[in-house]
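Observations on chain architecture
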Amino acid sequence: MVEVDAAAKARILVVDDSSLVRLYYRSTLERAGFEVEQSINGIEAMERVLSQPIDLVIVDINMPRMDGLTFLRALRCGPSDISSLPALVVSTESEMRDIAEARASGANFYLVKPVAEAELVRHVCVLTGVSL
Amino acid sequence: MDDRDDGGSRAVRISSEEVERFCDFLYRRTGLSLSEGKRYFIDRRLEERIAATGSPSFRAYFSLLRADADHEIEFLINSFTVNETYFYREDHQLRCMTSNLLGTIVRQRPSGSTIRIWSIPCSTGEEPYSIALWLMENWPQVDNHNIEIVGSDIDTRALTAAANGIYGDRALMRLSRVIVDRYFKPIADGRHEIDEGLRNSIEFTRANVIDPKDMARYRDFDLIFCRNVLIYFDDASRRQAAENLYDCLRPGGYICLGHSESMSRISPLFSVCRFPDAIVYQKPEADHG
């Protein structure tokens, strides 16, 4: 298990339509000392980032109602306090063009599923500026 | 039949003929096969229902039951189903799931595809929650697929308890301290409430495994856990259950039975698969029905 300084807690929003995937990421990140919020699609995620301070979004691509890339494009066009929010895309899509499209939509980093616990925590630390 | 006064508490005596009629009724409605040999078990539960409904006699209760007044059949089924279980029961099958079965299931599928797992009967939820917990803790591919877990039971009272997700120490006895701390919150009376995320990851529904109409609503499962229920059925009901479960599986899907149960003795529909941790039964790939 990877643990970071609990005092340096950052709040992470996990956006994924699979409840078990959300649970896996939440469980991993909470054990590492992060606070975790969850949304099941891009629409819910947008409401969440507009209503409470979030330090990083972890976004799946394929989701019903509003997919992850549409959410990221909306986020980047949003109010200034949320438009620069770091975003980690985690998806089963693994083609170079998927990664390029995610970057063009506003992803700061892209991981292909499955993502091991340590790998997830390491990237979240880098993107939130929390030291391991 | 006669009524007797039993030290102030009213108890109803039930004749052998009445028990026979009752068992016949229970069998036709649920597939549960009970006989005179289970007399104590039957009497205890019947007395409980007779008292609960305020019926003056077995005959009065049986009329009420056949008319299904106030959903009495459901209450009766609830009292006759056995809901004693615990987390990580027969965990060698869970190990087999992550070591062998899921790998075979996902081999032909793209990442992100849906995997459907069914726990029937799920009783008070320990089994479907165990499946989710085991996947979280032991399957590195857990975020690479959309896993749907359904828990079904004939007993609506058990389903309500499953959805509430509150357990005593006994149900948690096989879980490590780390798992309990990670996924359960202690509440009053030494009980534990399961993590909300876990609760939301299981869909609980009512289903009767021997009722083809009921079972027709359930399709495309990759893996079914149907443990320790077929032992309560007679041969005809077992065969019906096996055929129903067969139709609920995708071609190539697997079914896990309880340790004392053997599909080979029930139905020729499935192939036997021997893995290091467990023997499971598979619906042949070639069958697209």
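Note that the structure is predicted; figures quoted are calculated from it, not measured.

Secondary structure assignment for chain A yields 6 helices and 5 strands. Starting at the N terminus and walking to the C terminus, you meet the elements of chain A as β-α-β-α-β-α-α-β-α-β-α. Taken over C-alpha atoms, the radius of gyration comes to 13 Å for chain A, in line with the 14 Å a tight globule of 132 residues would show. Here chain A holds 132 residues, and the buried ones make up 42% of them.

Taken residue by residue, the interface counts 17 residues in chain B and 15 residues in chain A. The set of elements that each furnish at least two residues to the side of chain B that touches chain A consists of helix 6 (126-138), strand 4 (146-153) and helix 9 (196-200) of chain B. Of the residues in the side of chain B that touches chain A, the class split is 7 nonpolar, 8 polar and 2 charged.

A few words now on the sheet that holds strand 5 (residues 166-167) of chain B. Residues and elements named next belong to chain B. Spatial ordering of the open sheet is given by 5-7-6, a layout of 3 strands whose pairing is antiparallel. Single-partner strands in this sheet number two, and they are strand 5 and strand 6 (184-186). As paired strands, strand 6 and strand 7 (residues 192-194) are joined by 3 bridges and run antiparallel to one another. For P186, the partnering residue across the bridge sits in strand 7 and is H192.

Another aspect to go through is the domain arrangement of chain B. Residues and elements named next belong to chain B. Its domain assignment divides chain B into domain 1 (3-80) and domain 2 (91-282). On a C-alpha basis, the centroid separation for the pair domain 1 and domain 2 is 31 Å. Taken together, the contacts link 7 residues of domain 1 with 10 residues of domain 2. Ranked by the residues each element gives to the side of domain 1 that touches domain 2, the list is headed by helix 4 (residues 72-80), at 3 residues. Its residues assigned to classes, the side of domain 1 that touches domain 2 shows 2 nonpolar, 4 polar and 1 charged.

Below, the discussion takes up the sheet that holds strand 11 (residues 271-274) of chain B. Pairing between the strands of a sheet is mediated by backbone hydrogen bonds and can be parallel or antiparallel. Residue and element names in this part refer to chain B. Taken in spatial order, the 7 strands make up an open sheet running 8-4-3-9-10-12-11, and their pairing is mixed. Of all strands in the sheet, those with a lone pairing partner are strand 8 (202-206) and strand 11, marking the two edges. Within the sheet, the average angular offset between the axes of one strand and its neighbour, ignoring direction, is 25°. Where strand 3 (residues 114-119) and strand 4 come together, 6 bridges link them in parallel fashion. In the sheet register, I117 faces strand 4, and the bridge partner there is I149. Helix-sheet contacts for helix 7 (residues 156-164) involve strand 4 and strand 8, and the interaxial angle to strand 8 is about 165°.

The next subject is unusual backbone geometry. Residue A:P114 is bonded to the preceding A:K113 through a cis peptide linkage, with omega at 0°. Looking at the secondary structure, you find A:P114 in the loop between strand 5 (109-112) and helix 6 (117-128). With an omega of -5°, the peptide bond running from B:I120 to B:P121 counts as cis. Looking at the element boundaries, B:P121 is found in the loop between strand 3 and helix 6. You will see that B:Y88, though not glycine, has its phi angle at about 60°, which is positive. Here B:Y88 is to be found in the loop between helix 4 and helix 5 (91-107).

With that out of the way, let us pick up the nonpolar core. Of all hydrophobic cores here, the largest spans 103 residues; its most connected members are A:I12, A:I58, B:A132, B:I224 and B:I255. Examining the composition of this core, we find that 7 residues originate from one element, helix 6 of chain B, more than from any other. Each residue touching B:I224, except ones within four places of it in the same chain, is listed here: B:W118, B:I120, B:L245, B:C248, B:L249 and B:I255. The next biggest cluster of nonpolar side chains, apart from the first, holds 11 residues, and it includes B:V12, B:I14, B:L34 and B:L76.

Analysis parameters
- Residues numbered from 1 in each chain as written.
- Chains lettered and ligands numbered in written order.
- Predicted model: local features only at pLDDT ≥ 70, side-chain atom pairs only at ≥ 80, totals over all residues.
- Helix = DSSP H or I, 4+ residues; strand = E, 2+ residues; numbered from the N terminus.
- Rg over C-alpha atoms; globule rule 2.2 N^0.38 Å.
- Buried ≥ 20, exposed ≤ 12 C-beta atoms within 10 Å, placed from the backbone.
- Contact = placed C-beta atoms within 7 Å.
- Nonpolar A, V, L, I, M, F, W, Y, C, P; charged D, E, K, R; others polar.
- Pairing = 2+ DSSP bridges.
- Domains from an automatic or database assignment.
- Axes fitted to C-alpha atoms, helices over the stretch in contact; angles between N-to-C directions.
- Core = buried A, V, L, I, M, F, W, Y, C linked by C-beta atoms within 7 Å.

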